[in-house]
Amino acid sequence: MAGPRRRIPVSALALTLAGATAAGGLTACAAQPDPGTVTVLNSATDTAEHSANQDFFDACAEPLGLRVKQISVPADQVATKALRMASSDSLPDILELDGSELSQFAETGGLRPLPETGFDAEGFSDSAVSLGSYDGVQYGVARSVNSLALIYNTTMLAEAGLEPPTTWEELRSTAAELTGGNTYGMAFSASPNADGVYQFLPFFWSAGGDEAHLAEGTGGQQALQLWKDLVDDGSASRSVVNWNQQDVNDQFVSGRAAMMVNGPWQVPVLSAQDAVDWAVASIPVPQAGQDPVPPIGGTVMTVPKNSDTERERNAGAILNCLNSQDNQLAWGERVNNVPTRAEAAQAYRELHPKLAPFADLVATARSRTAEVGTRWPMVGDALAGAFQSVLTGRATPEQALNRAAQQAGE
């Protein structure tokens, strides 16, 4: 449930799915599948998460006269597991993917558009629909989603007489004032992978950066310059180029960072410790009055195409139940993520005011693949190279984005 999943290649899966679809559809279970069992392939390997999932599945399946069987593998093995299952005509009835992977699966033609399964797609936030869509068609649904916010040490800010920054100028000055001794004012991940890219996007997009045209405009350059300024000011550690999001949280909890960019997946750790009092604020924006544009993250449940339409309808019925307002709210509370039904998200906000900024940020969040689709992995790598080269002094923001555009094949 934690932010961006590590990317894995799915080209072999694409060939297998495309071939199976051309042959006339996919069978949901190898040889004589149990008609009363709905299979789900997901990454819920954590015992508590697996059990919680099963509770929801059972509650939804029993009134339908069905059973649900989970096949859970580590997140970075979901695609390869799906490949093996596709090769033996035994794909699951429900395939749960990271949102950033959906476009690569949908492009193969191996996923069923959700409305065709009887799924009710009304009442979801625009950002959530975008996360589960490819080429204007909804193939996946997220029960809950996450994004990034500014998490701050309330004691440190209060003692300095400061409020959480709302603009980039305030962020830079506040971070400088909070820096001293062994404490940096600001911490973020600039690692050369999915974590760093996920954390760069709120600054890149909020400034008007365009992932489809990396070298155009000045927004991307401004975002790179902000990160460089924070490091050059001494307000952020030069080690950010090596920190993943967990490292950033460790710095914050240990008191070595007064503010950090991070997501709701850190809430269990933050809530379990009593060394740091913390609160959540919106991501600072270039100019006052602008809406922040962070990335939206989470997993989406999809329905692989099946020659047995009854199995597809059973999968759709399970998804309808899982995504009722009550079930979404209960699941969101269970995993500290924001429900994707608008009414459930509002209820979540009211019940958990401390986490309300996450709900607000999700409302303006964007899917990483919405504009570039299956090109996202290449674009993400190019962005990672850009901020790494700027923060290590190997390139100016303009040079870095020109190279990134070439790397992304623009």
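Since this is a predicted model, take the numbers as computed values, not measurements.

**Some details on the sheet that holds strand β3 (residues 94–98)**
Phase 1: Reading across the sheet, the five strands line up as β2-β1-β3-β12-β6 and stay open at both edges, with mixed pairing between neighbours. Taken across any chain shown, the strands that pair with only one partner, and hence form the sheet edges, are β2 (67–72) and β6 (140–141).
Phase 2: Bridge count for strand β1 (residues 37–42) against β3 is two bridges, and the pairing is parallel. Looking at the pairing, L41 lines up with L95 of β3.
Phase 3: In this fold helix α2 (residues 47–61) packs onto β1, β2 and β12 (299–302), with an angle of close to 155° to the strand it touches most, β2.
Phase 4: Here helix α3 (residues 78–87) sits on the sheet in contact with β1, β2 and β3, set at roughly 140° to β1.

**Overview of the pattern of salt bridges**
Phase 1: All told, the structure shown has 12 salt bridges when counted by the stated rule.
Phase 2: For R368, the salt bridge goes to D98, with nearest N and O atoms at 3.8 Å. Residue R368 is located in the loop between α15 (356–364) and α16 (376–391), and its partner D98 is located in strand β3; the two are separated by 270 residues in the primary sequence.
Phase 3: D98 sits in the buried class, given a relative accessible area of 2%.

**Thoughts on α16**
Phase 1: Here α16 contains 16 residues, and its C-alpha end-to-end distance of 22 Å stays within 8% of the 22 Å for a straight helix at 1.5 Å per residue.
Phase 2: Here α16 lies mainly inside the structure; 13 of its 16 residues are buried.
Phase 3: Among the residues trailing α16, G393 stands out with phi positive, at a value near 80°.

**A word on the packing of helix α8 (residues 194–206) against α16**
Phase 1: Contact pair α8 / α16: the axes reach a minimum separation of 10 Å and the direction vectors enclose 80°. Relative to α16, the element α8 is oriented roughly perpendicular. Across the interface between the two elements, G196, V197, F200, L201 and F204 of α8 pack against W376, G380, L383, A384 and F387 of α16.
Phase 2: Residue composition of the contact of α8 with α16, grouped by class: eight nonpolar, two polar and no charged.

Thresholds, definitions, all that
Residues numbered from 1 in each chain as written. Predicted model: local features only at pLDDT ≥ 70, side-chain atom pairs only at ≥ 80, totals over all residues. Heavy atoms only, no water. Pairing = 2+ DSSP bridges. Helix = DSSP H or I, 4+ residues; strand = E, 2+ residues; numbered from the N terminus. Contact = heavy atoms within 4.5 Å. Axes fitted to C-alpha atoms, helices over the stretch in contact; angles between N-to-C directions. Salt bridge = Lys/Arg side-chain N within 4 Å of Asp/Glu carboxyl O. Buried < 20%, exposed > 50% of the residue type's maximum accessible area, 1.4 Å probe, protein only. Expected span 1.5 Å × (residues − 1). Parallel < 35°, antiparallel > 145°, perpendicular 65-115°, else oblique. Nonpolar A, V, L, I, M, F, W, Y, C, P; charged D, E, K, R; others polar.

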